[in-house]
Amino acid sequence: GMECGSIIYESKRAQAFSKGWIEKLKADQRDKSADIAVLVTATMPKEMDRFGMYEGVFVCSFHELKGLAIALRDGLLRVGLQIASNQGKGTKMEYLYDNWGKIKW
């Protein structure tokens, strides 16, 4: 039930890839405070033949979207769980150190 992060998606079905889409998506990512940005496109950048990172944004085809979304969501959940498990860890250790002789086992 806790929020672990957010992913912003944008899709394009144009016949030619535009680098302007990347800058717009990055601006939207900043505005929405999203952790990850994904551009789903029918036409990949000429430097890419399948999904990957392009100038700080994940770019994938419509066919690759489901697998990428599952993997990114799983990564956010794992990081969120790790952060949650580390919260208060220092306080607990300090308490044990300060009160070791007073604890009734």
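Preceding block: the structure.
Bear in mind that the values here come from a model prediction, so they are computed numbers and not experimental data.

J.: Explain the packing of aromatic side chains to me, and be specific about the residues and the numbers.
T.: Scanning the model with the defined rule gives 2 aromatic pairs in all. Arranged with centres 5.2 Å apart and planes meeting at 70 degrees, the rings of Phe 17 and Trp 21 form a pair that is edge-to-face. The class of Trp 21 is buried, set by a relative accessible area of 13%. Between Phe 17 and Tyr 54, the ring centres sit 5.6 Å apart and the planes meet at 85 degrees, which makes this aromatic pair edge-to-face. Taken as a pair, Phe 17 in the loop between strand 1 (7-12) and helix 1 (19-32) and Tyr 54 in strand 3 (residues 52-54) lie far apart in primary sequence, 37 residues in all.

J.: An account of the side chain of Ser 61 is needed here, citing residue identities and associated values.
T.: One can find Ser 61 in the loop between strand 4 (57-60) and helix 2 (65-86). Setting aside residues up to four positions removed in sequence, Ser 61 forms contacts with Val 40, Thr 41 and Met 44.

J.: Could you give an account of the pattern of salt bridges, naming the residues involved and the relevant values?
T.: This model, assessed by the stated rule, comprises 5 salt bridges. Across the pair Lys 12 and Glu 10 runs a salt bridge, and its minimum N-O distance is 3.0 Å. Residue Asp 74 pairs with Arg 78 through a salt bridge whose shortest N-O separation is 2.7 Å. Of the two residues, Asp 74 and Arg 78 both sit in helix 2, 4 residues apart, roughly one turn of that helix. Look at Asp 74 and you get partly exposed, because its relative accessible area is 35%. Using a relative accessible area of 58% as the deciding quantity, one classes Arg 78 as exposed. It is possible to trace a salt-bridge network through shared partners that takes in Glu 10, Lys 12, Lys 24 and Asp 28.

J.: Please set out helix 1 residue by residue, giving values where relevant.
T.: Compared with the 20 Å implied by 1.5 Å per residue over 14 residues, the 20 Å span of helix 1 between its first and last C-alpha is a close match. Of the positions making up helix 1, those classed as buried are Trp 21, Ile 22, Leu 25 and Gln 29. Buried residues of helix 1 fall within an arc of 100 degrees about the axis and therefore sit on the same side. Structural note: helix 1 exposes Arg 30 and Asp 31 on the side pointing more than 90 degrees away from its buried face. Close packing links the buried residues of helix 1 with strand 1, strand 2 (36-41), strand 3 and strand 4. The first or second residue beyond helix 1 is Ser 33, which carries a positive phi of 55 degrees.

J.: Just give me the short version of the nonpolar core, but keep the residues and values in it.
T.: Soluble globular proteins tend to pack their nonpolar side chains together in the buried interior. The biggest cluster of nonpolar side chains holds 13 residues, and the ones touching the most others in it are Phe 17, Ile 22, Leu 25, Leu 39, Tyr 54, Val 57 and Val 59. At the level of secondary structure, the elements contributing two or more residues to this core comprise helix 1, strand 2 and strand 4. When residues in this core are grouped by element, the largest group, 3 residues, is from helix 1. Setting aside anything within four residues of it in sequence, one finds Ile 22 in contact with Phe 17, Leu 39, Tyr 54, Glu 55, Val 57 and Val 59. Val 38, Phe 58, Leu 68 and Leu 72 belong to the second largest nonpolar core, which has 8 residues in total.

Definitions and limits used
Residues numbered from 1 in each chain as written. Predicted model: local features only at pLDDT ≥ 70, side-chain atom pairs only at ≥ 80, totals over all residues. Heavy atoms only, no water. Phe/Tyr/Trp six-rings, centres within 6.5 Å; stacked < 30°, edge-to-face > 60°. Buried < 20%, exposed > 50% of the residue type's maximum accessible area, 1.4 Å probe, protein only. Helix = DSSP H or I, 4+ residues; strand = E, 2+ residues; numbered from the N terminus. Contact = heavy atoms within 4.5 Å. Salt bridge = Lys/Arg side-chain N within 4 Å of Asp/Glu carboxyl O. Expected span 1.5 Å × (residues − 1). Arc of directions from axis to C-beta. Core = buried A, V, L, I, M, F, W, Y, C linked by side-chain atoms within 4.5 Å.

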